[in-house]
Amino acid sequence: MGALLPTLQADRLREGLTDYLATTFALTDADTKGALVDFIDHPRDGMFKGPYLRLRLPFAPARGNWGMHLDWWPDKFVPYGHQAKAFEQLSTKFQSRPKPTLVTTGTGSGKTESFLIPILDHVLRAKKAGVAGMKALIIYPMNALANDQEQRLARMITSNPALAGVTAGLYTGESSTSSRTLVSADGLITDRRIMHDSPPDILLTNYKMLDHMLLRPDRAPMWRQSAQSLQYVVLDEFHTYDGAQGTDVAMLLRRLGLTIKSYWTEDTAVTDEDRARPLGRITPVATSATLGSEAAPTAMLDFAHTVFGEVFTEDAVVGETRLSEDEWLADRSPTLDHLYRPIRHPAIDEENLRDLENQVADAPNNAATTALILATMFERVGAEGGLGGRAADLRKLDDTELLNLLKNHDLFRKLLRKCVDATSLAELADTILETTTSSREQPRDVARRQRYLDYLFAALSHLRAGIGRSALNIDVHLWIRELSRIDRNLAAATVFHWADDGAVDTPGTTYLPAVYCRHCGRSGWGARLAPTGMALDVTDDDIRRQHAAGGQRFRALISAPVEAQLGKEIDGLRWLHVDEREIAEETPDPEGAEVLEGRVLPILVLTGPDAEDNSQKDMCPACRTADGIRFLGSAVATQLSVALSSMFGDPGLDSAEKKALMFTDSVQDAAHRAGFVQARSHTLSLRSTLRNALGTTTPDAGLLPLTDLCEAVIDLAEPNAMRRYHLLAPDIVERDEFKAFWDDQSVSTARNKALRLVRKRLQFDINLEFGLQSRLGRTLELTGSVVAEVDLGSPARIVELGMRALGNTEHQLTFAEPDPVAVTRWVRGTVERMRAQGAIGHPWLDKYIAKDANRRWVWAGGPNTRGCRPFRKVVRHQRFRPSGHARFPRVSMRSLPRLPGTHAGPASAWVCRPSRAVSRHGRCSRRSPSSGS
């Protein structure tokens, strides 16, 4: 287990997303699938940009007598230069009112300490002077940030004896259920009654709860007692208060100022300037890692003036202070210089890079990986040996010694100078690593140089994790474009294009929205017909919008080159004349110029009197399955969940590194996306868990029953509480009925009860994965990771069952018995079709079957204590085969293999006979609904 190596993770993330998208769409045409992968991975126009890399020098420590402005600071604490400037700005030791301050330093620069330490110093001074009431109000945009800072402040107060008398509270919507009355290692005060009657010195809240406190009359004592003591208002993550939310907060702060001023008296020690300012004596403070620019701070200062209502001078901005390149490079020990000699030009030819990749793949941890990478740059003086020997020697050095060596390498110095600003990996590979002029533009040479830099930055990331903030900070940015609004050219050779990128430069080329069938994997175009006839509309605008609105003229045109070569009449086969934009029924001359030049394309399209209705049902013209046609694409939330699952699923990544922060445009959107990503990530992780459980279970028969798989999954998660927690779906994991499953403190009776509920929910999810949902999306079955089938016994047994079923079915007499292979396909196709339609038994489906497959009894919403999975109304449901009539949908002679010497007959007979034979011999069960059907 080790730290995150971002460049290597970026490669895995890119490969994982590409693989996910290619398998999710499951396009059956190899050429089209290849064109999609090429489109996604295109270096200039694809969905990935970067990675871009930047090396950040360490923050410079404070110099001079920085402590003169404070009476208290944490033991052994040495601030950065920008923190010392913030202390001077915000201290009340030598000034009655601190100066308005904007802390705009980067991530990890100690922004919180920049305002929190002078606030605590002021609180101690005020309490010593007998001042009661609230001294500081810290406002966070999200509860998650407030909760995180609560723990930090609680640890700081409880671990410093000098702060023993300081009180601090957390006032959010989530805190109303708890009743912590004192600051402890567990957290801050959360009992609201105590905070109302006796306001804490420091209060953490969000702007919505501040609005609540200002509105409620029974909260008035908080402000009355704090009218003369409240000294600071801090807005954390200041950049989030733009637009309408910024306007709300600006007005809210003015209401806060008016509320405080309403409790002033003639004896209150305030100046005319205090009375004129919207916040009175309160000092406004804001922090942001992304707001403003050192070169042009005017807009940032104007924004702060707008929000707080007070003028911010240029001196109010606290920017980060970093060491210079020369200062940082000079801070090294030359002790090892006489023992290790730099390799000026690392060997990155194909053979040496392959050797490096193989040894890195076998490395047990990040330290071994780093030694291997640095072994391409250093060798011990007088020693001989290959890459492995040099790496073994470097493993004896600690991280600081390795960094000291790197600081003396010309390649590393060039890299540092080049990466002061964000630079693409491709540009770095072209300018940093030397190569011959003839091979510089060769794709394989470019890829090798980029791969080597991936490894070098990975080594720097490991050193940073081990050494800490005195090492370089490595920023890696990989931009991913949402795979949406994809167009496909109307031609035999597939080319994709981003619809949002505007018109294509190639004259005479027509692009239409790319569509595919999620059931059969066939692909083609989405089009809109003219008001009459079978011609395409004169304009291709808004095809997607009209399809979403249920337009009757939308048609899916499925590419059909194979059907065109069969030489027989096929339902729905038509010919699209690209130039005339006309769909014709007549088969053109296969040797004609239009066909040979690709100006006439064979397509499958819905025809007949039901074409409009079937098109509105998204029926695929190829497989005739409803709810199949989709526009080619994947939403950003899906891509994000896949990226997180890919990253966090790395077995070598330490659990402490598995953190992600997602920004969205609004609180509502954040809640929606968080729920979606959490649910989708759980689906992906559950599939991984099922695969791992199958890998640890080797049944003698080669097939593992789904019930045994459920037990194997539970056994695999049993030793670890975190595994048990992540095994449960997000909608049930925090419910009281299920907490006992993963909470080690729960009593045995509650644990056993929760285990029974978990078994039912997990078994239902497994049944869906290998049943109803087995053929949709990137499932275990479609990716070829797991093979699922109905166990019908030996091949001879299957033939026997089929022959018995055939004996009860009308068929034409022939001189020969039906082919056993065809009979096997007939029986196997029937039961596998039933499995794919979700006809797998489960206790939750008993009432659903008894009520004649009424969706209400399995899809009904609302809370339940069983943990039954909630489903939306549009989600398709399990289909069991009623025995009396042809009510088993999506099964026809097109879906099942034909038996030689038989006539078609009703579809119900072809489904009923083999399933009845299988039922009689115990391979499936029969149930009678209450209607008797």
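It should be emphasised that the depicted structure is a prediction, and the values quoted were computed from it without experimental measurement.

### A look at the sheet that holds strand β5 (residues 202-206)
Taken in spatial order, the seven strands line up as β4-β5-β3-β6-β7-β2-β8 in an open sheet, and their pairing is parallel. Looking at which strands have only one partner, the edges of the open sheet turn out to be β4 (168-171) and β8 (317-318). Alignment of strand β2 (residues 101-103) against strand β7 (residues 283-287), held across three bridges, turns out to be parallel. Among the inter-strand pairings, Thr101 is bridged to a residue of β7, identified as Val285.

### Re the side chain of Arg687
Assignment of secondary structure puts Arg687 in helix α25 (residues 667-696). At 3.0 Å, the side chain of Arg687 forms a polar contact with the side chain of Glu769. Once you skip the residues sitting within four places of it in the chain, Arg687 turns out to touch Glu769, Arg778, Thr779 and Leu780.

### Observations concerning the pattern of salt bridges
When their charged atoms lie close together, side chains carrying opposite charge are able to pair. Taken as a whole and judged by the stated rule, the model has 61 salt bridges. The shortest N-O distance in the salt bridge between Glu320 and Arg322 comes to 2.9 Å. Judged by its relative accessible area of 26%, Arg322 is partly exposed. Between Asp430 and Arg449 there is a salt bridge, and its shortest N-O distance comes to 3.8 Å. Separated by 19 residues along the polypeptide, Asp430 in helix α18 (residues 425-431) and Arg449 in helix α19 (residues 443-467) bring together distant segments of the chain. Beyond isolated ion pairs, a larger network of salt bridges with shared partners links Arg54, Arg56, Glu320, Arg322 and Asp475.

### Digging into the packing of helix α17 (residues 410-418) against α19
Following both chains from N to C, one finds α17 and α19 inclined at 90°, their axes separated by 13 Å at the closest point. One finds that α17 runs roughly perpendicular with respect to α19. Judged by residue contacts, Leu411, Phe412 and Leu415 of α17 engage Tyr452, Leu453, Leu456, Phe457 and Leu460 from α19. Residues belonging to the contact of α17 with α19 are distributed by class as follows: eight nonpolar, no polar and no charged.

### Quick notes on the confidence of the model for the protein
Predicted confidence across the protein gives a mean pLDDT of 84, with 88% of residues reaching 70 or more. When mean pLDDT is taken per element in the protein, strand β6 (residues 232-235) scores highest with 96 and helix α34 (residues 907-920) scores lowest with 55. In this model, residues 884-898 is a region of pLDDT below 50 whose contacts with residues beyond four sequence positions or in other chains number 43 contacts. Contacts of residues 900-910 to residues separated by more than four positions or lying in other chains number 26 contacts, the stretch itself having pLDDT below 50.

### Some details on the sheet that holds strand β12 (residues 473-480)
Pairing is antiparallel across the open sheet formed by three strands, whose spatial order is β11-β1-β12. The sheet terminates laterally at β11 (423-424) and β12, the two strands that pair on one side only. Note: strand β1 (residues 48-56) against β12, seven bridges, orientation antiparallel. Counterpart to Arg54 in the pairing with β12 is Asp475.

### Side note on helix α13 (residues 350-362)
In a regular helix each residue adds 1.5 Å, so 13 residues correspond to 18 Å; α13 covers 19 Å between its end C-alpha atoms and thus fits that length. Taken residue by residue, α13 has Leu353, Leu356 and Val360 as its buried positions. Seen from one end, α13 has its buried residues packed into an arc of 55°, which puts them on one side. Turned more than 90 degrees off the buried face of α13, the exposed positions are Glu351, Ala361 and Asp362.

### A closer look at the packing of aromatic side chains
Counting across every chain of the model gives 14 aromatic pairs. Ring geometry for Phe77 against Phe87: centres 6.5 Å apart, planes inclined by 45°, an arrangement best described as tilted. Separated by ten residues along the polypeptide, Phe77 in the loop between β1 and α3 (81-90) and Phe87 in helix α3 bring together distant segments of the chain. One exposure class covers both Phe77 and Phe87, and it is buried. Ring centres of Tyr725 and Trp742 lie 4.9 Å apart, and the angle between their planes is 85°; on these two criteria the pair is classed as edge-to-face. One end of the pair, Tyr725, is in helix α27 (residues 721-727); the other, Trp742, is in helix α28 (residues 736-742), and 17 residues separate them in sequence. The exposure class of Tyr725 is partly exposed, given its relative accessible area of 23%.

### Brief notes about the packing of helix α7 (residues 207-215) against helix α9 (residues 243-261)
Two elements in contact, α7 and α9, have axes separated by 10 Å at closest approach and are oriented at 35°. Viewed along their axes, α7 and α9 form a crossing whose handedness is left-handed. Contact with α7, carried on its side by Tyr207, Leu210, Asp211, Leu214 and Leu215, involves Gln245, Val249, Leu252, Arg255, Leu256 and Thr259 of α9 and no other residues of that element. Taken together, the residues of the contact of α7 with α9 break down into seven nonpolar, two polar and two charged.

### Some details on unusual backbone geometry
Cis geometry marks the peptide bond from Gly50 to Pro51; its omega dihedral reads 10°. Secondary-structure assignment places Pro51 in strand β1. The backbone phi angle of Asp618 is positive, close to 55°, even though this residue is not glycine. Relative to the helices and strands, Asp618 resides in the loop between α23 (611-616) and β21 (629-631). Classification of Asp618 by relative accessible area gives buried; the value is 14%. Of note, Arg624 is a non-glycine position whose phi angle comes to about 60°, a positive value.

### Quick look at a positive patch on the surface
Among the surface-exposed residues, Lys753, Arg756, Lys760 and Arg866 lie close enough to one another that they form a single positively charged patch. Turning to its location among the elements, Lys753 is positioned in helix α29 (residues 748-770).

### Details of the environment of Asp454
Inspection of the secondary structure puts Asp454 in helix α19. What makes Asp454 buried here is its relative accessible area of 4%. A sequence separation of 449 residues divides Asp454 from Leu5, and the C-alpha atoms of the two residues are 9.3 Å apart. When neighbours within four sequence positions are excluded, Asp454 is seen to be in contact with Thr7, Leu8, Asp11 and Leu425.

### Points about the environment of Arg56
Within the element layout of this structure, Arg56 appears in strand β1. Given a relative accessible area of 15%, Arg56 falls into the buried group. With 360 residues separating them in the primary sequence, Arg56 and Leu416 have C-alpha atoms 8.8 Å apart. Non-local contacts of Arg56, meaning those with residues more than four positions away in its chain, are made with Glu320, Arg322, Leu472, Asn473 and Asp475. A distance of 2.5 Å separates a polar atom in the side chain of Arg56 from a polar atom in the side chain of Glu320.

### Quick look at the nonpolar core
Ranked by internal contacts, the top residues of the largest apolar core, which has 54 residues, are Leu55, Trp328, Leu394, Leu415, Leu453 and Phe457. The greatest single-element share of this core, amounting to nine residues, is contributed by α19. Each residue touching Leu394, except ones within four places of it in the same chain, is listed here: Tyr340, Ala371, Leu374, Ala375, Leu402 and Leu405. Core analysis: the second largest hydrophobic core is formed by 40 residues, Met209, Phe238, Tyr241 and Leu256 among them.

What counts, and at which threshold
Residues numbered from 1 in each chain as written. Predicted model: local features only at pLDDT ≥ 70, side-chain atom pairs only at ≥ 80, totals over all residues. Heavy atoms only, no water. Pairing = 2+ DSSP bridges. Helix = DSSP H or I, 4+ residues; strand = E, 2+ residues; numbered from the N terminus. Polar contact = N/O pair within 3.5 Å; in protein donor to acceptor, adjacent residues only side chain to side chain. Contact = heavy atoms within 4.5 Å. Salt bridge = Lys/Arg side-chain N within 4 Å of Asp/Glu carboxyl O. Buried < 20%, exposed > 50% of the residue type's maximum accessible area, 1.4 Å probe, protein only. Axes fitted to C-alpha atoms, helices over the stretch in contact; angles between N-to-C directions. Parallel < 35°, antiparallel > 145°, perpendicular 65-115°, else oblique. Nonpolar A, V, L, I, M, F, W, Y, C, P; charged D, E, K, R; others polar. pLDDT = per-residue confidence, 0-100. Expected span 1.5 Å × (residues − 1). Arc of directions from axis to C-beta. Phe/Tyr/Trp six-rings, centres within 6.5 Å; stacked < 30°, edge-to-face > 60°. Left-handed = near helix turned anticlockwise from the far one by under 90°. Patch = residues over 30% accessible without salt bridge, like charges linked within 9 Å, V, L, I, M, F, W, Y side chains within 5 Å. Areas by Shrake-Rupley, 256 points an atom, 1.4 Å probe, with all protein chains shown as cover. Lys, Arg positive; Asp, Glu negative; His and termini not counted. Charge placed at Lys NZ, Arg CZ, Asp CG, Glu CD. Core = buried A, V, L, I, M, F, W, Y, C linked by side-chain atoms within 4.5 Å.

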